[in-house]
Amino acid sequence: MPTESQSPHLPFGDNTRAAWYGQDILSVKQFDRADLEYIFGVAHEMRGMVERIGTFDLLKGKILANLFYEPSTRTASSFMAAMQRLGGSVIPINEVKYSSVSKGESLGDTVRSLECYADVIVLRHPEVGSAAIAAEAASKPVLNAGDGVGEHPTQALLDTFTIFEELGEGQIDGMTVTLLGDLKNGRTVHSLARLLTLYDVKLNYVSPDILKMPQEVKDEVAEKGIPQAEFTRLEDVLPETDVLYVTRVQKERFSDPAEYEQVKNAFVITPEIMQSAKDEMIVMHPLPRVGEISTAFDTDPRAAYFRQMEYGLYVRMALLAMVLGKA
Ligand code: NCD
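Everything numeric here is computed off the predicted structure, so don't read it as measured data.

Overview of the sheet that holds strand S6 (residues 202-206)
Taken together, five strands build an open sheet; the order of strands is S7-S6-S5-S8-S9 and the sheet is parallel. A strand with exactly one partner marks an edge of an open sheet, and here the two such strands are strand S7 (228-231) and strand S9 (282-284). Neighbouring strand axes in the sheet, compared pairwise and without regard to direction, differ in orientation by 20 degrees on average. Pairing of strand S5 (residues 176-180) with S6, which is carried by five bridges, proceeds in the parallel orientation. Bridge pairing in S6 links Thr178 to Asn204. Docked against the sheet, helix H6 (residues 187-196) engages S5, S6 and strand S8 (243-246), running at close to 165 degrees with respect to S5. Along the sheet face, helix H7 (residues 215-223) touches S6 and S7 and points at about 145 degrees away from the line of S7.

Right, here's the structure in full:
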């Protein structure tokens, strides 16, 4: 625990009856606007604590099992850093080829084993719905860190927190958010489009024809009464955009390599293209990028993608503290 003088004005403490205690985080559909206000409030306090004291003991003695069946740099390491900044520790399982999974163990059995040693499980898996299957098997909280082309709820939370921190809390209503790239296979945009329906936004989808936003997501957005429109040319919407969210063409999801080759360089953000965008806007990307944003744009103040990663640390600290009953 932080000492008295370092303690933030938050309900940090033993709070095991708090609403989030023991909960799974599987989909953005489980959140309402009040939840986001709460999460972002805690994340904002976490930011202050990290800036002031770096590491503190809110989750001292707690253990996270970080179970990754797909590659990850940011998500895996930010969950590890989040747990360690809160004084907890981590069992990292990145190379499932070295674990019993490679012997044919089911996901359910793997998570039931891990929860014998850990208090919370973070899971990334190539199949849609895998996080829900894991949560069904486990009695400890499971956090979905990406289930195939399905959802990536903690990324959408950190993306929305980034917009709040960068462009001003309360400003999100009235914004135009443009999602660009592989909208078919990108789980981050599936989660983000759904989560942003909690606000009064306008959504633009810009992609090659074969990589359009899935109908299921568009139907859900339409049901919430959020205006959305599809484009194939970025120029048509860039001047009105407040948040440009760029994504990588998800090579690993293509069954036909020739199809990937056709669309891989469909959009490249350069300083020249960005001349027609507003001065007060941000460019985001969940990363990794593979050429869709030119490095020449990195020094532009509107380039928010590396700051976005840092916001991810604070949001994941908040989520871990919440599901473990400490916030
Ligand atoms: C994304 C993912 O894994 O879905 N990365 C991330 O979590 N930051 C995006 C991607 O891989 O393109």
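Describing the packing of helix H3 (residues 107-114) against helix H4 (residues 130-137)
At a minimum axis distance of 8 Å, the contact between H3 and H4 shows a crossing angle of 50 degrees. Between H3 and H4, the crossing angle belongs to the class labelled oblique. By crossing handedness, the relation of H3 to H4 is classed as right-handed. Across from Leu107, Gly108, Val111 and Arg112 in H3, the residues of H4 making contact are Ser130, Ile133, Ala134 and Ala137. Here the residues of the contact of H3 with H4 sort into five nonpolar, two polar and one charged.

As for the confidence of the model for the chain
On average, residues of the chain score 93 in pLDDT, and 94% of them are at 70 or above. In the predicted structure, residues 1-9 sits below a pLDDT of 50 and forms 14 contacts with residues beyond four places in sequence or in another chain.

Some remarks on the pairing of S7
Consecutive side chains along a regular strand alternate between the two faces of the sheet. By the bridge criterion, four bridges tie S6 to S7 in an arrangement that is parallel. Bridge assignment links Leu203 to a residue of S7, and that residue is Gln228. A crossover connection joins S6 to the parallel S7 through H7; in handedness this β-α-β unit is right-handed.

Concerning the site of the ligand
Around the ligand sit Thr75, Arg124, His152, Gln155, Arg187, Thr188, Arg248, Gln250, Pro286, Leu287 and Pro288, and those are all the residues in its vicinity. One of the side-chain N or O atoms of Thr75 is found 2.9 Å from an oxygen atom in the ligand. Contacts to the ligand include His152, whose side-chain N or O atom sits 2.8 Å from an oxygen atom. When the free accessible area of the ligand is taken as 320 Å², the share hidden by the protein chains comes to 93%. A per-class count over the shell around the ligand returns three nonpolar, five polar and three charged.

Re the packing of aromatic side chains
A complete count under the given rule lists seven aromatic pairs for this structure. Ring centres of Phe161 and Tyr311 lie 5.7 Å apart, and the angle between their planes is 90 degrees; on these two criteria the pair is classed as edge-to-face. Here the residue Phe161 occupies a position in helix H5 (residues 153-167), and Tyr311 occupies one in helix H9 (residues 305-323), the gap between them amounting to 150 residues. One exposure class covers both Phe161 and Tyr311, and it is buried. Each residue in the set Phe40, Phe161, Phe164, Tyr199 and Tyr311 is aromatic and connected to the rest through ring pairs, giving one cluster.

Reading guide: rules and limits
All chains use their own residue numbering, which begins from 1 and follows the written sequence. It should be noted that, the model being predicted, local features are given only for residues of pLDDT at least 70 and side-chain atom pairs only at 80 or more, the latter also being counted only at that level, while totals for whole chains, interfaces and linings use all residues. Water and hydrogen atoms play no part in the side-chain values, which are based on all heavy atoms of the structure. A pair of strands is treated as paired once DSSP finds two or more bridges between them. Numbering goes from the N terminus for both helices and strands, where a helix is a DSSP run of H or I of at least four residues and a strand is a run of E of at least two. Angles run from 0 to 180 degrees between N-to-C directions of axes, and those axes are lines fitted to C-alpha atoms, restricted for helices to the stretch in contact. The criterion used for residue contact is that any of the two residues' heavy atoms lie within 4.5 Å. An angle below 35 degrees is read as roughly parallel, one above 145 as roughly antiparallel, one from 65 to 115 as roughly perpendicular, and any other as oblique. By convention the crossing between two helices is left-handed if the near helix lies anticlockwise of the far one by an angle smaller than a right angle, and right-handed if it lies clockwise. Charged residues are taken to be Asp, Glu, Lys and Arg, nonpolar residues to be Ala, Val, Leu, Ile, Met, Phe, Trp, Tyr, Cys and Pro, and polar residues to be all remaining types, Gly included. pLDDT gives the predictor's per-residue confidence on a scale running from 0 to 100. With the strands aimed away from the viewer, a crossover counts as right-handed if its path from the first strand over the helix to the second runs clockwise. A molecule or strand has a residue near it when one of that residue's heavy atoms lies within 4 Å. Counting of polar contacts relies on pairs of N or O atoms within 3.5 Å, with two restrictions inside protein: one atom must be capable of donating a hydrogen and the other of accepting it, and residues adjacent in sequence are counted only when both atoms are side-chain atoms. Accessible surface is estimated by sampling points in the Shrake-Rupley manner with a 1.4 Å probe; for residues, cover comes only from the protein chains shown. Centres within 6.5 Å make a pair out of two Phe, Tyr or Trp rings, where for Trp the six-membered ring is used; the pair is then stacked when the planes are under 30 degrees apart, edge-to-face when over 60, and tilted otherwise. Only protein chains enter the accessibility calculation, which uses a 1.4 Å probe. A residue is then buried if its area is under 20% of the maximum for its type, exposed if over 50%, and partly exposed in between.

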